[in-house]
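# Residue-level structural notes
Spelled out from the first residue to the last, the chains are:
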Amino acid sequence: MLNISALKINEGFVDIPAPLRYILPSTMVSSPPRLRLRPRKSLGQNFLRDDNIARRIVAAIDPREDDALLEIGPGEGALTRHLALRSRRLSVVEIDARAAAGIRAMFPGGGVDVIEGDFLGIDLDAFARARGGRVRIAGNIPYNITSPILFHVLDHRSGVADLTFLVQKEVGRRMAAEPGSPDYGILSVFCRYTSEVKALFEVPPGAFYPRPRVTSLLMRLVMRPAPVVPADDEAFFRTMVRATFGKRRKTLRNSLRYVAALREGPLPDIPELERRPEELSVDELVALSNTLLQSAALRAGGTHRA
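All residue numbers refer to position in the chain's written sequence, counted from 1. Local features in this predicted model are restricted to residues whose pLDDT is 70 or higher, and side-chain atom pairs enter the listing and the counts only when it is 80 or higher, whereas totals over whole chains, interfaces and linings include all residues. To get the side-chain values, all heavy atoms of the structure are used, and hydrogens and water are removed first.

Moving on, we come to the side chain of Asn 290. Along the chain, the position of Asn 290 falls in helix 10 (residues 282-305). Exposure classes here rest on a 1.4 Å probe applied to the protein chains alone. A residue is buried below 20% of its type maximum, exposed above 50%, and partly exposed in between. On the basis of relative accessible area, Asn 290 is assigned to the buried category, the value being 13%. Identification of polar contacts relies on pairs of N or O atoms within 3.5 Å, with a donor-acceptor requirement for protein atoms, meaning one able to donate a hydrogen and the other able to accept it, and with residues adjacent in sequence counted only if both atoms are side-chain atoms. At a separation of 2.8 Å, a polar atom in the side chain of Asn 290 contacts the main-chain amide nitrogen of Asp 232. We call two residues in contact when some of their heavy atoms are within 4.5 Å. The contact partners of Asn 290, leaving out residues within four places of it in the chain, are Pro 230, Ala 231 and Asp 232. Under the scheme used here, helices are H or I runs from DSSP no shorter than 4 residues and strands are E runs no shorter than 2 residues, and both carry numbers assigned from the N terminus.

Here it is, written out as C-alpha cells:
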C-alpha cells in the first residue's frame, strides 16, 4: 500500500466564531440557500464563492442519481448545493463543526448525509461496502493537506471509482506530468500507477474567499481496475521511487545504494540502472522494481543455502 502519513495542519490561529447567515441566490431558486462562514486559517479554508465555477465543476463530475458520492470539506456548500440536485446518495465529510451544522441546516430533510470529522480517519473500504459499491469522491480541499488526502484515497482505491478535486496548479502539473519533464516525480509516478490522470480546467484566485495567492487546477483521477504493470511488492516499489527521485540527479544505480534491501550485494547488470529516474516511464519503474526485488530475493536465498 502507498501509505503516506498525514501532514499536520497549522493550529496556531485562533478564530472568533461568527454567526451563520444565508443568502438566497437569485439565479438558482431551486438550490438551497447559500451559507456564509468566516474562514479559519487554522483549517486552511478558502471557500469557493463563484457559483458559475461551482456549476462547471459539478458538470465535470457529472454525477448520476444513483452514484455514491462523497464530498470532502463542503465548507459553505458551494458544490454541495449543486451535487445534491443530481444525486440522492450524497455524503459530505466536514471537520469544521460550524460548516457541518450549516450543511445540515441547508438540507433539513436529511437529503445529505453529513459526517462530522476528519476525512483521513474515514475507512474508505468500509464506506464503499456500506454503499454497495465504489464511491466517487470530490471536493475543494485545503492545499496544505493535499498530499495526505490524495494518498489516503490512493491507498484505499479498491473502494473508489474516481476522485475529482481542486489542487494548487503546480501540484496538478506534477500529478499529470509525463516522463522526461521537469515536473515528473514521485507524485506523478504514484498517480499514474494507480489511476488515469487528467487536468480539467484552471480556476482563478478570484473564485475563492479569501483569495489565495495561487491558481487552482481541477484534477480527475479515475482509478484503474489494476495497474498496467503491477508491482510485486508495492511497499518496495514505493521505497524505490522515493529513494531514486529523492536523488534525481544521480543515476538509478547510485541512488539505489540508499535502499536498505539492496545494500547486501551488487545490483544486476541492466541498462536501466545507468539512467536517471525521470527518464523511465511508470511501467519501466515498476518492471525495474520487480527485477530488483527478485534479484535481492535470489541473493538472499543463495546466502541462506550456503
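In this structure, the amide linkage connecting Tyr 209 to the following residue, Pro 210, adopts the cis form with an omega of -10°. Within the secondary structure layout, Pro 210 lies in the loop between strand 10 (208-209) and strand 11 (216-223). Although it is not a glycine, Asp 62 adopts a positive phi angle of roughly 55°. By the element assignment, Asp 62 lies in the loop between helix 1 (51-61) and strand 4 (69-72). What makes Asp 62 partly exposed here is its relative accessible area of 26%.

Here a cavity denotes grid points, spaced 1 Å and computed from the protein atoms alone, that fit a 1.4 Å probe unable to get out, and a pocket denotes an open set having protein on both sides within 12 Å along at least 5 of 7 lines; residues with an atom within 4 Å of a point are the lining. Grid points are joined across faces, edges and corners, and a volume is the space filled by probe spheres set on the points. With the rule as written, the count across this model stands at two cavities of 30 Å³ or more. As for the largest cavity, its lining consists of Arg 34, Arg 36, Leu 48, Arg 49, Asp 50, Asp 51, Ala 54, Glu 76, Gly 77, Ala 78 and Arg 81. Of all the secondary structure elements, the ones that give two or more residues to the lining of the largest cavity are strand 2 (34-36) and helix 1. Each residue gets one label: Ala, Val, Leu, Ile, Met, Phe, Trp, Tyr, Cys and Pro are nonpolar, Asp, Glu, Lys and Arg are charged, and the others, such as Gly, are polar. Each residue belonging to the lining of the largest cavity can be placed in one class, and the counts come to three nonpolar, one polar and seven charged. Empty space within the second largest cavity amounts to approximately 40 Å³. Taken together, Ile 61, Leu 69, Leu 70, Glu 71, Leu 83, Arg 136, Ile 137 and Ala 138 make up the lining of the second largest cavity. Taken together, the residues of the lining of the second largest cavity break down into six nonpolar, no polar and two charged.

On to the sheet that holds strand 6 (residues 112-116). In space, the seven strands of this open sheet follow the order 6-5-4-7-8-11-9, with mixed pairing throughout. The open sheet has two edge strands, strand 6 and strand 9 (195-203), and neither has a second partner. With direction set aside, neighbouring strand axes in the sheet form an average angle of 20°. Two strands qualify as a pair provided that DSSP identifies no fewer than 2 bridges between them. Relative to strand 11, strand 9 is paired through eight bridges, and the arrangement is antiparallel. Bridge pairing links Val 197 to Leu 221 in strand 11. Along the sheet, helix 3 (residues 97-106) makes contact with strand 5 (90-94) and strand 6, crossing strand 6 at roughly 165°. With axes taken as lines fitted to C-alpha atoms, and helix axes fitted only over the stretch in contact, angles between N-to-C directions fall between 0 and 180 degrees. The strands touched by helix 7 (residues 186-194) within the sheet are strand 9 and strand 11, with strand 9 carrying the most contacts at an inclination of about 120°.

Turning to the packing of helix 7 against helix 8 (residues 234-245), a few remarks are in order. The N-to-C vectors of helix 7 and helix 8 enclose an angle of 155°; their axes lie 9 Å apart at closest approach. Accordingly, the angle class assigned to the pair helix 7 and helix 8 is roughly antiparallel. Pair helix 7 / helix 8 crosses with right-handed handedness. Side by side, helix 7 and helix 8 meet where Ile 186, Val 189, Phe 190 and Tyr 193 of the first sit next to Glu 234, Phe 237, Arg 238, Val 241, Arg 242 and Phe 245 of the second. Of the residues in the contact of helix 7 with helix 8, the class split is seven nonpolar, no polar and three charged. An angle below 35 degrees is treated as roughly parallel, one above 145 as roughly antiparallel, one from 65 to 115 as roughly perpendicular, and anything else as oblique. When the near helix sits turned anticlockwise from the far one by under a right angle, the crossing is termed left-handed; a clockwise turn instead gives a right-handed crossing.

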